[in-house]
Amino acid sequence: MTNTFGYIRVSSTDQNEDRQLDALRGKAVPPRNIYMDKQSGKDFNRPQYRRMVRRLRRGDLLYILSIDRLGRNYEEIQRQWRMLTKEVGVDICVIDMPLLDTRSGKDLMGTFIADLVLQILSFVAQSERENIRKRQEQGIAAAKARGVRFGRPAVETPEDFGALVEAWERHERSFSDTIALCGMSEATFYRRLREYRIERNSREK
């Protein structure tokens, strides 16, 4: 019995998968057979993809909207395509590219054309990934040059930090109360404490 599957990939949790989901529904893929990863396409270490592959059997049909949803690594796309179609024995249909439908054109010429299209699209997918990474790096560098700071904002050291530390050192206040009054995590408190003690020792010399 032939089962129909669908695979969806988005690069991050803030990307919308609706277009891919609508396309798979249009192909009548059962909801239980639709697998989705919210992960980069740089490799195939994706939990839902691996779970789907374990379920695939010879003669099954796998739908994906476009080749870059399968992945963005040229060599890995080629390797996974061969594994799925040759070793597992499933058919693959790339909805946005009708030439990439292994159900048709199984003669020598059809196979040659499909392999050629796959190589071109795989190359484009990886090139786009590299361009995205370059644009991100350039954007970050430009933002840093403008003085934009990344990560969590630095926690301000309270003006009475020294008095709070000294009260804690004299056991007049508990550690938990001290860091709560400082508005710091334990790690931040100890980092500022080291800085404070170095500065205090230099003043006392």
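For the structure itself, look to the data block above.
Residues numbered from 1 in each chain as written. Predicted model: local features only at pLDDT ≥ 70, side-chain atom pairs only at ≥ 80, totals over all residues. Heavy atoms only, no water.

*Asks:* It is not clear to me how the environment of Met 97 should be interpreted in this structure. Could you clarify?
*Replies:* Mapped onto the secondary structure, Met 97 falls in the loop between β4 (91-94) and α5 (108-145). With relative accessibility at 26%, the residue Met 97 sits in the partly exposed group. Separated by 31 residues in the primary sequence, Met 97 and Ser 66 place their C-alpha atoms 7.0 Å from one another. (Helix = DSSP H or I, 4+ residues; strand = E, 2+ residues; numbered from the N terminus. Buried < 20%, exposed > 50% of the residue type's maximum accessible area, 1.4 Å probe, protein only.)

*Asks:* Any chance you could explain the pattern of salt bridges here in plain terms?
*Replies:* Evaluated as defined, the whole model comprises 8 salt bridges. Among the ionic pairs, Asp 22 bridges to Arg 25, the shortest N-O distance being 3.7 Å. Of this pair, Asp 22 and Arg 25 both sit in helix α1 (residues 18-26), separated by 3 residues, roughly a single helical turn. On the basis of relative accessibility, which here comes to 48%, the residue Asp 22 falls in the partly exposed class. In this structure, Asp 68 engages Arg 69 in a salt bridge whose closest nitrogen and oxygen atoms are separated by 3.4 Å. The pair formed by Asp 68 and Arg 69 is uniform in burial state, with each residue classed as buried. (Salt bridge = Lys/Arg side-chain N within 4 Å of Asp/Glu carboxyl O.)

*Asks:* Even after reading the chapter, I still don't get the packing of helix α6 (residues 161-169) against helix α7 (residues 175-182), so can you show me in this structure?
*Replies:* Helices that pack against each other are described as a pair by the angle of their axes relative to one another and the distance between those axes. The N-to-C vectors of α6 and α7 enclose an angle of 175°; their axes lie 10 Å apart at closest approach. Here α7 runs roughly antiparallel to α6, going by the angle between their axes. Contacts between α6 and α7 involve Phe 161, Leu 164 and Trp 168 from the former and Phe 175, Thr 178, Leu 181 and Cys 182 from the latter. Within the contact of α6 with α7, the residues separate by chemical class into 6 nonpolar, 1 polar and no charged. (Axes fitted to C-alpha atoms, helices over the stretch in contact; angles between N-to-C directions. Parallel < 35°, antiparallel > 145°, perpendicular 65-115°, else oblique. Contact = heavy atoms within 4.5 Å. Nonpolar A, V, L, I, M, F, W, Y, C, P; charged D, E, K, R; others polar.)

*Asks:* Sorry if this is basic, but what is going on with the nonpolar core here?
*Replies:* Side chains of a nonpolar character, in soluble globular proteins, are inclined to be buried together. Core analysis: the biggest nonpolar cluster contains 21 residues, and Tyr 49, Met 52, Leu 70 and Leu 84 have the highest contact counts within it. Among the elements of the structure, β1 (4-10), α2 (47-55), β3 (61-64), α3 (67-70), α4 (74-88) and β4 are those that each provide at least two residues to this core. It is α4 that provides the largest number of residues to this core, a total of 5 residues. With residues up to four places along the chain from it excluded, the contact list for Met 52 reads Phe 5, Gly 6, Tyr 7, Tyr 35 and Leu 62. (Core = buried A, V, L, I, M, F, W, Y, C linked by side-chain atoms within 4.5 Å.)

*Asks:* What exactly am I supposed to notice about unusual backbone geometry here?
*Replies:* Negative phi is the rule for most residues except glycine; trans is the rule for most peptide bonds. You will see that Ala 28, though not glycine, has its phi angle at about 60°, which is positive. Following the sequence through the fold, Ala 28 ends up in the loop between α1 and β2 (34-38). A relative accessible area of 62% means that Ala 28 is categorised as exposed. Positioned with a positive phi, His 171 is a non-glycine residue whose angle comes to about 65°. Inspection of the secondary structure assignment puts His 171 in the loop between α6 and α7.

*Asks:* Hey, could you run me through the environment of Ser 104 in this one?
*Replies:* With respect to the helices and strands, the residue Ser 104 is situated in the loop between β4 and α5. Along the primary structure Ser 104 and Asp 91 are separated by 13 residues, whereas in three dimensions their C-alpha atoms are 9.6 Å apart.

*Asks:* Help me understand the side chain of Asp 91, please; the structure alone is not making it clear to me.
*Replies:* Counting through the fold element by element, Asp 91 comes out in strand β4. Judged by relative accessible area, Asp 91 falls into the buried class, the value being 18%.

*Asks:* I'm lost on the sheet that holds β1 in this one. Help?
*Replies:* What links the strands of a sheet is backbone hydrogen bonding, and the strands pair in either a parallel or an antiparallel sense. The 4 strands lie next to each other as β2-β1-β3-β4, forming an open sheet whose pairing is parallel. Since the sheet does not close on itself, it has two edges, and those belong to β2 and β4, each with one partner. Across the sheet, the mean angle separating the axes of adjacent strands is 20° when strand polarity is ignored. One ladder, built from 5 bridges, connects β1 with β2; its direction is parallel. Among the inter-strand pairings, Val 10 is bridged to a residue of β2, identified as Lys 38. With respect to the sheet, α1 is in contact with β1, β2 and β3, its orientation differing from that of β1 by roughly 170°. (Pairing = 2+ DSSP bridges.)

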